[in-house]
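Chain residues, written in single-letter form:
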Number of protein chains: 2
Amino acid sequence: MTYPQQEKILTGDRATGLLHLGHFVGSLSQRVSLQEVYQQTILVADMQGLTDNGNTPEKVSDNILNVVADYLAVGIDPDKTTICLQSALPALAELTQFYSNLVTVSRLERNPTVKAEIASKQFGRSLPAGFLCYPISQAADITAFNATLIPVGDDQLPMLEQTNEIVRKVNSIAKRKILTECKPLLTSVPRLPSTDGKSKMSKSMGNAITLGATPKAITAAVKAMYTDPNHLRIEDPGQVKGNVVFTYLDALHPDSDYINQLKERYRQGGLGDGTTKKILEECLQDLLAPIRKKREAFLDNKGELAAILRKGTLLAREESNDVLQRVKQAFGLNLLDI
Amino acid sequence: MTYPQQEKILTGDRATGLLHLGHFVGSLSQRVSLQEVYQQTILVADMQGLTDNGNTPEKVSDNILNVVADYLAVGIDPDKTTICLQSALPALAELTQFYSNLVTVSRLERNPTVKAEIASKQFGRSLPAGFLCYPISQAADITAFNATLIPVGDDQLPMLEQTNEIVRKVNSIAKRKILTECKPLLTSVPRLPSTDGKSKMSKSMGNAITLGATPKAITAAVKAMYTDPNHLRIEDPGQVKGNVVFTYLDALHPDSDYINQLKERYRQGGLGDGTTKKILEECLQDLLAPIRKKREAFLDNKGELAAILRKGTLLAREESNDVLQRVKQAFGLNLLDI
């Protein structure tokens, strides 16, 4: 499926941790391609990161420049993509407040994505109001940049539905189309599993390979990687499905013919996990070495990193303020014009 | 009880309708006195007005300048009091978003004031998220102006508790005192009843006398006013308690000795409702004539009214932005300094 070039893309990441190979495969590489075709804005979502880290804000603030360094290191080009910081865009908070009057509490509670996340985070009775309301804040992000195409996984579709409901309500109040509905850009890439093959990839679980991982850390992660627990001797036939080493090779190795041959040999027996892991390790070292090098260079000059983020944020501020003015006008609240 | 002069007052009104005698007795006259002693900020709370008028924003936008005219007409002096517009103060929305991560949904649902209001407004399943969250927004208002003394009725005390909880949490995250707790300034004035003596005073119920009421409207309102339904003949003893005419005379007539004599005569019998109503009507006509005149003059020059509101809002913007910067610093999110 192709999209017209005037589509505007919005993506982003909660700045709550270091980006890892899951981000690389699932979104970052796609963004590097998308920036060649579309207007793309990437939001460093520090405010959204706070929705479940209100009492530990350093988990967010410590990671902002790391995330920007990750972006630049993988090839996101600030001259092609607007990289901006959520907390430095007042219009996002203001739009959130306007929209929060158009969404009912029960609608938020019914949102399947939020429901699943609330369950997985085990908030119980301590669900922060900001977390329950984050679909509203996400609608503010999307509309503030006139974004029409949002790269998401299936699980995020309810968030876009919520956004489009708000768009329709605002347009109906304004009695004309001042906001644009968005469409999902569904990624065909499967989610990269954690190195232990069990849970969701996360730095804190020690089951993710970050983009800045040292050569030693890569080696250790691959060594500990989950394969086929019944593949005890090299000569035994092995299972490829669910074998994390092969999933990573499929997603990251440049030569898919070669990987298909390997899989065939592994299934028949005679290919050991030591060998497949060595192939993956080399692949990852080759992939991550230049990224790590660039990443470190950027982080050695945090002033420049901040300047890049500031430049993008100022640009984003203009666009988001324009949208806010349109919404304020729709609500008749542009009286003072300040 | 006296308060030190450095106390800062914050009050305000939801701009959802014309101000009436209830506001005059319950808060406006007090504010005219307070401005002589304290730093006072009055917020025209248009954003809060939207929390239950999201689909009818004109109910709010149409009333902003009316409310400002009401303030000026009763004697609130923009050189002594900062009059500002909530929707034109981005820091309020931003603070609301920060604080919403520190308050749980169940804490909001337990708030007695919100609970009572939700029940009275009969939202049912259509409770807007913004309405549930308005105590957070109110905490943003109070803290944004470093307000220490908040004129409230008993029923609003839970809102101040909620604010102080947020203040303590933010200070604990900041590891120093960046926000100040507030105290209630409880008013001794009893709430003025509606003219029908039954329900809450409101313009839409037709049971309130607005500050801009015409002489004819005042006459009609007093004529229809609830007295003692068992006081059928002039010579019968009448009941003063619950008699709206006497409640208004108590609250608004300058000569309390005279009113006490009237009450005595009314209780004994021999004083008709026609006479008491005539006395009240004269009192109200005298009170409201100069207010109405000033009000109309202000509304004849809406450009100047807007200029007064703009000036106060720009001043309020500086103060609220300063507080926001302190909070952003506490959360470590002042990286870009823009």
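Residue numbers here run from 1 along each chain, matching the order of that chain's written sequence. As a convention, the first chain written is A and the first ligand written is 1, with the rest following in written order. Thresholds applied to this predicted model are a pLDDT of at least 70 for local features of residues and 80 or more for the giving and counting of side-chain atom pairs; totals over whole chains, interfaces and linings are not thresholded and use all residues. Processing note: side-chain calculations cover all non-hydrogen atoms of the structure and skip hydrogens and water entirely.

**Re the packing of aromatic side chains**
Residue and element names in this part refer to chain A.
Then, number 1: Paired rings are identified among Phe, Tyr and Trp, the last through its six-membered ring, by centres lying within 6.5 Å, and are further divided according to the angle between planes into stacked (under 30 degrees), edge-to-face (over 60) and tilted (the rest). Going through the model one piece at a time under the given rule, you end up with eight aromatic pairs over all chains.
Then, number 2: When the centroid spacing of 4.9 Å and the interplanar angle of 65° are considered together, the rings of phenylalanine 246 and tyrosine 266 count as edge-to-face. Linking phenylalanine 246 in helix 12 (residues 244-252) with tyrosine 266 in helix 13 (residues 256-268), this pair joins segments that are 20 residues apart in sequence. The burial state of phenylalanine 246 is the same as that of tyrosine 266; both residues are buried.
Then, number 3: Aromatic ring contacts, followed pair by pair, group Phe123, Phe131 and Tyr134 into a single cluster. Secondary structure elements are defined from DSSP: runs of H or I of at least 4 residues count as helices, runs of E of at least 2 residues count as strands, and each element is numbered from the N terminus. Working definition: with a 1.4 Å probe on protein chains only, accessible area under 20% of the residue-type maximum means buried, over 50% means exposed, and in between means partly exposed.

**Considering the packing of helix 5 (residues 90-99) of chain B against helix 9 (residues 134-144) of chain B**
Residue and element names in this part refer to chain B.
Then, number 1: Where helix 5 meets helix 9, the closest approach of the two axes is 8 Å, and the angle between their N-to-C directions is 120°. One element, helix 5, and the other, helix 9, form an angle in the oblique class. Taken as a pair, helix 5 and helix 9 cross one another with a handedness that is right-handed. Where helix 5 approaches helix 9, its residues Leu92, Leu95, Thr96 and Tyr99 are matched on the opposing element by Ile136, Ser137, Ala139, Ala140, Asp141, Thr143 and Ala144.
Then, number 2: Each residue belonging to the contact of helix 5 with helix 9 can be placed in one class, and the counts come to seven nonpolar, three polar and one charged. Where helices are involved, their axes are fitted lines through C-alpha atoms of the stretch in contact, as for all axes, and angles between N-to-C directions lie from 0 to 180°. Any angle that is under 35 degrees is reported as roughly parallel, and any over 145 degrees as roughly antiparallel; angles of 65 to 115 degrees are reported as roughly perpendicular and all others as oblique. Left-handed describes a crossing whose near helix is turned anticlockwise from the far helix through less than a right angle; right-handed describes the clockwise counterpart. Note on contacts: a residue pair is in contact if any heavy atoms of the two residues lie within 4.5 Å. Residues are grouped as follows: Ala, Val, Leu, Ile, Met, Phe, Trp, Tyr, Cys and Pro are nonpolar; Asp, Glu, Lys and Arg are charged; all remaining types, including Gly, are polar.

**Side note on unusual backbone geometry**
Then, number 1: Of note in this structure, lysine 175 of chain A is not a glycine but carries a positive phi near 60°.
Then, number 2: Tracing the backbone shows lysine 175 of chain A in the loop between helix 10 (157-174) and strand 5 (183-186).
Then, number 3: Exposure remark for lysine 175 of chain A: the relative accessible area of 76% places this residue in the exposed category.
Then, number 4: The phi dihedral of aspartate 337 of chain B is positive, around 55°, even though this residue is not glycine.

**Considering the interface of chain A and chain B**
Then, number 1: Taken together, the contacts link 55 residues of chain A with 55 residues of chain B.
Then, number 2: Buried area is calculated as the accessible area (1.4 Å probe) missing from two parts once they are joined, with the contributions of both summed. The junction of chain A with chain B conceals about 4,500 Å² of combined surface from both sides, 66% of it contributed by carbon and sulfur atoms.
Then, number 3: Considering only the surface of chain A that becomes buried against chain B, Asn101, Leu336 and Ile338 of chain A emerge as the three largest contributors, covering 15% of it.
Then, number 4: For the purposes of these results, a polar contact is taken to be a pair of N or O atoms within 3.5 Å, where, inside protein, one atom must be able to donate a hydrogen and its partner to accept one; residues adjacent in sequence count only when each atom of the pair is a side-chain atom. Inspection of the region where chain A meets chain B yields 16 residue pairs in polar contact (both at pLDDT 80 or more).
Then, number 5: Its residues assigned to classes, the side of chain A that touches chain B comprises 31 nonpolar, 16 polar and eight charged.

**Here we look at the pairing of strand 2 (residues 39-45) of chain A**
Residue and element names in this part refer to chain A.
Then, number 1: Here strand 2 lies mainly inside the structure; six of its seven residues are buried.
Then, number 2: Criterion used throughout: strands pair if DSSP finds at least two bridges between them. The pairing of strand 1 (residues 8-14) with strand 2 spans seven bridges and is parallel. Bridging across to strand 2, threonine 11 finds its partner in isoleucine 42.
Then, number 3: With the strands aimed away from the viewer, a crossover counts as right-handed if its path from the first strand over the helix to the second runs clockwise. Taken together, strand 1, helix 1 (residues 21-34) and strand 2 form a β-α-β motif whose crossover is right-handed.
Then, number 4: Two strands pair when backbone bridges link them, and strand 2 and strand 3 (residues 81-85) are joined in this way by five bridges, in the parallel orientation.

**Observations concerning the pairing of strand 3 (residues 81-85) of chain B**
Then, number 1: Most of strand 3 of chain B sits inside the fold, with five of its five residues counted as buried.
Then, number 2: Side chains of strand 3 of chain B alternate between two faces, with Thr81, Ile83 and Leu85 of chain B and Thr82 and Cys84 of chain B buried alike.

**Some points on the pattern of salt bridges**
Then, number 1: The salt bridge definition used is simple: a Lys or Arg side-chain nitrogen within 4 Å of an Asp or Glu carboxyl oxygen. Scanning the entire structure with this criterion turns up 28 salt bridges over all chains.
Then, number 2: Between lysine 121 of chain A and aspartate 52 of chain A there is a salt bridge, with its nearest N and O atoms 2.7 Å apart. Of the two residues, lysine 121 of chain A sits in helix 7 (residues 112-121) while aspartate 52 of chain A sits in the loop between helix 2 (46-50) and helix 3 (58-61), which places them 69 residues apart along the sequence.
Then, number 3: What makes lysine 121 of chain A partly exposed here is its relative accessible area of 36%.
Then, number 4: Between aspartate 155 of chain B and arginine 191 of chain B there is a salt bridge, with the nearest N and O atoms lying 3.4 Å from each other.

**Digging into the relation of the copies chain A and chain B**
Then, number 1: Superposing chain A onto chain B takes a rotation of 180° combined with a translation of 0.0 Å along the rotation axis, leaving an RMSD of 0.0 Å. Viewed as a symmetry operation, the transformation between the two copies matches a two-fold axis. In terms of proximity to the rotation axis, the leading residue of chain A is alanine 93 of chain A, whose C-alpha is 2.7 Å off the axis.
Then, number 2: Here 100% of the contact residues of chain A are again contact residues in chain B; the copies associate through an equivalent surface. All copies are superposed by least squares; the fitting set is the C-alpha atoms of residues with a pLDDT of at least 70 in both.

**Thoughts on the side chain of threonine 81 of chain A**
Then, number 1: For threonine 81 of chain A, the location among the structural elements is in strand 3.
Then, number 2: Aside from chain neighbours lying at most four places away, what touches threonine 81 of chain A is Gln35, Gln40, Ile42 and Ile76 of chain A.

**Here's the deal with the side chain of threonine 82 of chain A**
Then, number 1: With respect to the secondary-structure elements, threonine 82 of chain A resides in strand 3.
Then, number 2: The residues touching threonine 82 of chain A, leaving out its near neighbours within four places in the chain, are Gln40, Thr41, Ile42, Gly312, Leu315 and Ala316 of chain A.

**Section: the domain arrangement of chain A**
Residues and elements named next belong to chain A.
Then, number 1: You can read the domains of chain A as domain 1 (8-192 + 301-330) and domain 2 (203-297).
Then, number 2: Residue ranges labeled as domains rest on an automatic or database domain assignment. Here the C-alpha centre of domain 2 lies 32 Å away from the C-alpha centre of domain 1.
Then, number 3: Taken together, both faces of the contact between domain 1 and domain 2 bury some 1,300 Å²; the carbon and sulfur share is 75%.
Then, number 4: Interface area lost by domain 1 to domain 2 is led by Leu21, Ala73 and Leu192, which between them contribute 41%.
Then, number 5: Between domain 1 and domain 2 we count one salt bridge in total.
Then, number 6: As a salt-bridge pair, arginine 295 and aspartate 70 come within 2.4 Å of each other at their nearest N and O atoms.

**A short note on the nonpolar core**
Considering soluble globular proteins, one finds that nonpolar side chains tend to be buried as a cluster.
Then, number 1: If you look at the biggest cluster of nonpolar residues, it comprises 208 residues, and the most contacted ones within it are Tyr99 of chain A together with Tyr99 of chain B.
Then, number 2: Beyond its immediate sequence surroundings of up to four residues, tyrosine 99 of chain B is in contact with Ile136, Ala139, Ala140, Thr143, Ile166, Val170, Leu179 and Val327 of chain B. Working definition of a nonpolar core: buried Ala, Val, Leu, Ile, Met, Phe, Trp, Tyr and Cys residues. They are joined through side-chain atoms within 4.5 Å.

**A few points about helix 14 (residues 273-300) of chain B**
For the α-helix, the turn length of 3.6 residues means that residues three or four positions removed from each other point alike.
Then, number 1: Each residue after the first adds 1.5 Å to the expected span of a helix. Between its first and last C-alpha, helix 14 of chain B extends 38 Å over 28 residues, near the 40 Å set by a 1.5 Å rise per residue.
Then, number 2: When the local axis directions of helix 14 of chain B are compared, the greatest deviation, roughly 30°, occurs at leucine 288 of chain B, which is followed within four positions by the proline proline 290 of chain B. The bend at a residue is defined as the angle formed between two axes, one fitted to the seven residues ending at that residue and one fitted to the seven starting there.

**Concerning the environment of threonine 81 of chain B**
Residues and elements named next belong to chain B.
Then, number 1: By relative accessible area, which is 1% here, threonine 81 ends up buried.
Then, number 2: C-alpha of threonine 81 to C-alpha of leucine 10: the two residues are 71 residues apart in sequence and 10.0 Å apart in space.
Then, number 3: There is a polar contact of 3.0 Å between the side chain of threonine 81 and the side chain of glutamine 40.

**Quick notes on the environment of alanine 140 of chain A**
Residue and element names in this part refer to chain A.
Then, number 1: Secondary-structure assignment places alanine 140 in helix 9 (residues 134-144).
Then, number 2: Alanine 140 gets classed as buried once you look at its relative accessible area, which sits at 0%.
Then, number 3: Residues within four places of alanine 140 in sequence aside, it is in contact with Leu92, Leu95, Thr96 and Tyr99.

**Some details on helix 13 (residues 256-268) of chain B**
All names here are of chain B.
Then, number 1: Its 13 residues give helix 13 an end-to-end C-alpha distance of 18 Å, which sits within 8% of 18 Å, the value for a rise of 1.5 Å per residue.
Then, number 2: Packed against the buried residues of helix 13 are helix 12 (244-252) and helix 14.
Then, number 3: Where helix 13 begins, one side-chain oxygen reaches toward the backbone nitrogen of aspartate 257, 3.3 Å away; that side chain belongs to aspartate 255.
Then, number 4: After helix 13 finishes, the residue glycine 269 shows a positive phi value of roughly 105°.

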